[in-house]
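If you want the building blocks of each chain, they are given just below.
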Amino acid sequence: AQVSAADRAFEALRKAIEHIPGGYVDERLGLLSPAPCGAARGLGIVRKKRTSDIENDDVLFKIPIEYQLTRQLALSTLTSIVPPDVLQRLPLEELDDAALLVLLLAHEKGLGKKSKFKAYIDTLSDSVDGSGCGWASESASDFRKLPRQVEPEDVEAGLAYAHRVSNGMASDYGEYLAKSAWPKDWKGEDASQALLWALCTVSSRGTAANQTPGDDEGGTGIRLVPLADMANHDLLSAGFIELSGTERVTDGGFVDAKDSDAGTFVIRAVWGADWKTKALDVGDEITVGYNLPYYGAVDWYMSLGFIPPEVSEQKDEL
């Protein structure tokens, strides 16, 4: 059978993750197109297991902190390319996690083959339409296609905000970002188009994580976690697990973790609030609960590009 470009990109991402010490991707995993949940694409079981696993059978992947886009990485990377006088006038430390990830992602995209995240970036769409915020493109001017819970004014406000933020970051930091591998239509007088793309990507793919990797008492931040962000949402699915590095099977844990595993993201083949293990067959989709209980329909649509059934089926409040 012919292998699609998306499948080749997935396999390249698998190799990049497994090249990192502690990185692991179950050999059965691949892309399901379309996904059983109704999305155009999803993460799932595409083949039978051929070898004995190095992990417990229910561990589907481990993404080490070394292959995640984090606040700490953004600060160290951007500080090295932005001139000192600009850093003094516009301190990067004052930006929130999302803004820093937007700048880092646009820069890594511009590095092309020189980026350690090339395999991850190759799995992302180059278009704003495909980044999870299709409403941010000019084609979204046809408001007849909007979900019933979303008003044209919501999209107009979102557009104004997205362009204001991307234009502002382009003005402040755009000239210092790598640009050589950007698509031709991004290479205008400033970096606003690249940063709009990165903003939409971070908005739809950013994952809540511990501010300090592995420390669940140090506050919450945002990261981009390659491959993990391919898992679609399902309310009844369990969530991601961030390892602290102290887990032990003898203490009731599901894995014997090392100190170097702190911050690693794991997903297991478990479902529901009681985390029951589920046997997986070819064609089964791997989903997670996004855990966004305070999001309304507009929040879901503007941030992630869709409205889940448990929200869209709610009766309108009187």
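Residues numbered from 1 in each chain as written. Predicted model: local features only at pLDDT ≥ 70, side-chain atom pairs only at ≥ 80, totals over all residues. Heavy atoms only, no water.

### Observations concerning helix H1 (residues 5-19)
Stage number 1. For H1, built from 15 residues, the straight-helix expectation of 21 Å at 1.5 Å per residue is met to within 8% by its first-to-last C-alpha distance of 21 Å.
Stage number 2. Every buried residue of H1 is accounted for by Ala9, Phe10, Leu13, Arg14, Ala16 and Ile17. Viewed end-on, H1 has its buried residues packed into an arc of 165 degrees, placing them on one side of the element. Exposed positions of H1 whose direction lies more than 90 degrees from the buried face are Ala5, Arg8, Lys15 and His19.
Stage number 3. Against strand E1 (24-25), strand E2 (29-32), strand E3 (42-45), strand E4 (59-63) and helix H5 (118-121) lie the buried residues of H1. (Helix = DSSP H or I, 4+ residues; strand = E, 2+ residues; numbered from the N terminus. Expected span 1.5 Å × (residues − 1). Buried < 20%, exposed > 50% of the residue type's maximum accessible area, 1.4 Å probe, protein only. Arc of directions from axis to C-beta. Contact = heavy atoms within 4.5 Å.)

### So, the packing of helix H4 (residues 97-111) against helix H7 (residues 192-205)
Stage number 1. In the contact formed by H4 and H7, the axes pass within 8 Å of each other and the chain directions differ by 125 degrees. As the angle between them shows, H4 and H7 are arranged oblique. Crossing of H4 against H7: the hand is right-handed. In this structure, H4 contributes Ala98, Leu101, Val102, Leu103, Leu105, Ala106 and Lys109 to the contact, and H7 contributes Ala194, Leu195, Trp197, Ala198, Leu199, Thr201 and Val202.
Stage number 2. Taken together, the residues that form the contact of H4 with H7 break down as twelve nonpolar, one polar and one charged. (Axes fitted to C-alpha atoms, helices over the stretch in contact; angles between N-to-C directions. Parallel < 35°, antiparallel > 145°, perpendicular 65-115°, else oblique. Left-handed = near helix turned anticlockwise from the far one by under 90°. Nonpolar A, V, L, I, M, F, W, Y, C, P; charged D, E, K, R; others polar.)

### Describing the packing of helix H6 (residues 152-173) against H7
Stage number 1. Relative orientation of the contacting elements H6 and H7 amounts to 125 degrees, with a least axis distance of 8 Å. Relative to H7, the element H6 lies oblique. Considering only the axes of H6 and H7, their crossing is right-handed. Between H6 and H7, the residues in contact are Ala162, His163, Val165, Ser166, Asn167, Met169 and Ala170 and Ser192, Leu195, Leu196 and Leu199, respectively.
Stage number 2. Class assignment of the residues belonging to the contact of H6 with H7 gives a composition of seven nonpolar, four polar and no charged.

### Comments concerning the sheet that holds strand E8 (residues 241-242)
Stage number 1. With antiparallel pairing, four strands are arranged side by side in an open sheet as E1-E4-E9-E8. Taken across any chain shown, the strands that pair with only one partner, and hence form the sheet edges, are E1 and E8.
Stage number 2. For E8 and strand E9 (residues 265-268), the ladder comprises two bridges, and the chain directions are antiparallel. Opposite isoleucine 241, over in E9, you have valine 266 as the bridge partner. (Pairing = 2+ DSSP bridges.)

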